[in-house]
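In case you want the letters, here they are:
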Amino acid sequence: MEFTALFLAVTIVMLIAWRGSRTLALTLFAAVLLASVATYLHHATDTLKLSF
Amino acid sequence: MTRAFAVTLNALSLYAVALVLAAAFAAQLLLHELPCPLCLLQRIQFAVLAIGPILNVRWGPRPGHYALSLLAAAAGAVFSTRQVLLHIMPGDAGYGTALLGYHYYTLALIGFAAAIVLLAAILLFDRQFEHDDAAKHVAPGAFATTAVWLVIGLTALNVVSTLLECGFGACAEDPVVYELLKRGI
């Protein structure tokens with residue numbers, strides 16, 4: 001679900017960057033980047049299934 | 001490098017991102033290989049990478065817009081490096097099909113690294129950032145406009161595809177079926 005939300009957020013930021021306010025686009029860009037890094041860090045702590 | 005030429009290069013970079021997103025979709029639909037969570041995160045970073053060029057096409061080239069793309073490419077490189085390292089052990093077959101001898105995450109790492117180098121290279125040309133009234137109000141042409149809408153459309157398609165794949169819960173680590181289609185919703 002978090003990946004769907006991230007794709008949706010990126011689509012919205014793209015639309016704002018193209019049609020809306022530049023400042024808002026920059027702010028939302030920062031939020032999306034932070035959210036994607038947070039998602040990565042969340043998954044980076046998953047237990048690895050090693051095969052040896 | 002003039003502003004107009006820089007905008008054309010930014011439009012070309014949007015076509016390149018569109019090509020990456022379309023190729024990922026082609027692999028997903030034609031080879032029936034569903035993207036894993038880390039794969040999705042790398043796709044997201046390719047889409048985030050496009051926000052800088054969109055701003056450059058809309059508002060004119062600015063160093064800050066290139067900085068956004070550099071941040072996105074750096075994050076994407078970290079994500080793809082993580083997946084390369086997950087499959088680096090001898091005997092590990094890797095995740096998904098290899099294309100030209102490389103798995104998608106390895107190609108993604110090469111793509112993000114290339115983006116960082118190209119962004120640094122384009123930042124060397126200061127003339128694109130010079131303001132003059134004539135250049136300030138030039139509306140983007142059809143070539144650039146098409147590139148922007150192509151990337152936005154492909155990213156929107158990823159919203160639908162990811163929703164079908166993951167459903168309303170957490171994405172499977174090794175997805176083989178579309179969660180929403182499996183449940184018959």
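As the structure is a computational prediction, the values presented were derived from the model and not from experiment.

(A) The overall build of chain B, seen in detail. When you go through chain B residue by residue, the secondary structure sums to eight helices and two strands. N-terminal to C-terminal, the α/β element order of chain B is α-α-α-α-β-β-α-α-α-α. A principal-axis box enclosing the C-alpha atoms of chain B has dimensions of 55 × 40 × 25 Å. Across the 185 residues in chain B, those meeting the buried criterion constitute 43%. Considering only residue pairs separated by 6 or more positions, chain B has 74% of its internal contacts joining residues 24 or more positions apart.

(B) Quick peek at the overall build of chain A. Across its full length, chain A carries two helices and zero strands. Per-residue burial over chain A gives 37% buried out of 52 residues. For chain A, the accessible surface area stands at approximately 2900 Å², while carbon and sulfur atoms represent 72% of it.

(C) Just the packing of helix H3 (residues 51–59) of chain B against helix H4 (residues 63–86) of chain B, in detail. All names here are of chain B. Taken N-terminus to C-terminus, the directions of H3 and H4 make an angle of 165°; their axes are 8 Å apart at the nearest point. Comparing the axis directions of H3 and H4 gives the class roughly antiparallel. Handedness of the crossing formed by H3 with H4: left-handed. On H4, the residues that touch Gly-52, Pro-53, Leu-55, Asn-56 and Trp-59 of H3 are His-65, Tyr-66, Leu-68 and Ser-69. Among the residues forming the contact of H3 with H4, the class breakdown is five nonpolar, four polar and no charged.

(D) Here's a closer look at the side chain of B:Glu179. When you line up the elements, B:Glu179 lands in helix H8 (residues 179–182). Contact partners of B:Glu179, with chain neighbours within four places excluded, come to B:Leu164, B:Glu165, B:Cys166 and B:Gly167.

(E) Region of interest: the state of the cysteines. Residues and elements named next belong to chain B. Overall, the coordinates contain two disulfides over all chains when judged by the stated rule. Each disulfide pairs two cysteine sulfurs, and for Cys-36 the partner residue is Cys-39, the sulfurs being separated by 2.2 Å. Of note, the bridge from Cys-36 to Cys-39 carries an S-S torsion of about 80° and is right-handed in sense. Residue classification places Cys-39 among the buried residues on the basis of a relative accessible area of 17%. Residue Cys-166 pairs covalently with Cys-171 via a disulfide, S to S 1.6 Å.

(F) The arrangement of the interface of chain A and chain B in detail. Taken together, the contact pairs 32 residues of chain A with 46 residues of chain B. Summed over both sides, the interface between chain A and chain B buries roughly 3400 Å², with carbon and sulfur atoms accounting for 78% of that surface. Summed over the three residues of chain A that lose the most area to chain B, namely A:Phe7, A:Met14 and A:Trp18, the buried surface amounts to 25% of that side. Remark: the boundary between chain A and chain B carries zero salt bridges. Elements with a minimum of two residues in the side of chain A that touches chain B: helix H1 (2–19) and helix H2 (22–44) of chain A. Looking at which element gives the most residues to the side of chain A that touches chain B, the answer is H1(A), with 13 residues.

(G) Region of the structure containing the nonpolar core. Ranked by internal contacts, the top residues of the largest apolar core, which has 56 residues, are A:Met14 and B:Ile51. Elements with a minimum of two residues in this core: H1 and H2 of chain A together with helix H1 (3–30), helix H2 (37–49), H3, H4, helix H5 (104–122) and helix H7 (142–166) of chain B. One finds B:Ala6, B:Leu119, B:Ile122 and B:Phe129 within the second-largest nonpolar core, a separate group that totals five residues.

What counts and how
- Residues numbered from 1 in each chain as written.
- Chains lettered and ligands numbered in written order.
- Predicted model: local features only at pLDDT ≥ 70, side-chain atom pairs only at ≥ 80, totals over all residues.
- Heavy atoms only, no water.
- Helix = DSSP H or I, 4+ residues; strand = E, 2+ residues; numbered from the N terminus.
- Buried < 20%, exposed > 50% of the residue type's maximum accessible area, 1.4 Å probe, protein only.
- Contact = heavy atoms within 4.5 Å.
- Areas by Shrake-Rupley, 256 points an atom, 1.4 Å probe, with all protein chains shown as cover.
- Axes fitted to C-alpha atoms, helices over the stretch in contact; angles between N-to-C directions.
- Parallel < 35°, antiparallel > 145°, perpendicular 65-115°, else oblique.
- Left-handed = near helix turned anticlockwise from the far one by under 90°.
- Nonpolar A, V, L, I, M, F, W, Y, C, P; charged D, E, K, R; others polar.
- Disulfide = S-S within 2.5 Å.
- Buried area = accessible area lost by both parts, 1.4 Å probe.
- Salt bridge = Lys/Arg side-chain N within 4 Å of Asp/Glu carboxyl O.
- Core = buried A, V, L, I, M, F, W, Y, C linked by side-chain atoms within 4.5 Å.

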